[in-house]
Amino acid sequence: AVVSTQSTGVAYAAVVYGGAILTVCPGGFSSYVQLAESYAPGAGVMLAIKSVVVWPLVYHTLNGFRHLAWDMGKGFKITELYRSGWTTFGASLALSFLLAAFL
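Rules behind the numbers
- Residues numbered from 1 in each chain as written.
- Predicted model: local features only at pLDDT ≥ 70, side-chain atom pairs only at ≥ 80, totals over all residues.
- Heavy atoms only, no water.
- Helix = DSSP H or I, 4+ residues; strand = E, 2+ residues; numbered from the N terminus.
- Contact = heavy atoms within 4.5 Å.
- Buried < 20%, exposed > 50% of the residue type's maximum accessible area, 1.4 Å probe, protein only.
- Axes fitted to C-alpha atoms, helices over the stretch in contact; angles between N-to-C directions.
- Left-handed = near helix turned anticlockwise from the far one by under 90°.
- Nonpolar A, V, L, I, M, F, W, Y, C, P; charged D, E, K, R; others polar.

Asks: Explanation requested: the side chain of Thr8 in the structure shown.
Replies: In this fold, Thr8 is placed in helix H1 (residues 2-24). Filtering out sequence-adjacent residues up to four positions away, Thr8 remains in contact with Trp55, Pro56, Tyr59 and His60.

Asks: Please clarify how the environment of Val54 should be interpreted in this entry.
Replies: With respect to the helices and strands, Val54 occurs in helix H3 (residues 43-71). The buried category is assigned to Val54, whose relative accessible area is 12%. Taking the C-alpha atoms as reference points, Val54 and Ser96, separated by 42 residues in sequence, lie 5.9 Å from one another. Excluding anything up to four places from it in sequence, Val54 contacts Ser96 and Leu99.

Asks: Is there a simple way to think about the environment of Phe76 in this case?
Replies: Mapped onto the elements, Phe76 comes out in the loop between H3 and helix H4 (78-102). Counting along the chain gives 32 residues from Phe76 to Gly44, while the straight-line C-alpha distance between them is 39 Å.

Asks: What is the right way to look at the packing of H3 against H4 in this model?
Replies: Two numbers describe a pair of packed helices, the interaxial angle and the distance between the axes. Between H3 and H4, the shortest axis-to-axis distance is 7 Å and the interhelical angle comes to 145°. With respect to the hand of their crossing, H3 and H4 are arranged in right-handed fashion. Its residues assigned to classes, the contact of H3 with H4 comprises 16 nonpolar, 7 polar and 2 charged.

Encoded structure:
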């Protein structure tokens, strides 16, 4: 869990810093999003790309709540660890898809 949280934190930082850099490039961030949309072969592909981009943020955030529960001393039984891990993973996939669909 620690490796996945750290790696998604790094990916999240790369997305945030990459987006910040694109805002100061000619045309701004939105022109690059439109450029990516023009290259995508369809709405489904663009939805998949957006989902992949937003997933590190969602997973990292949800796993942070999981770690907060651990800080309070909850969820240390092995069955609870597996359940919370898979719940976090599944919820992050679903939320990433929903965020990508509405952004």
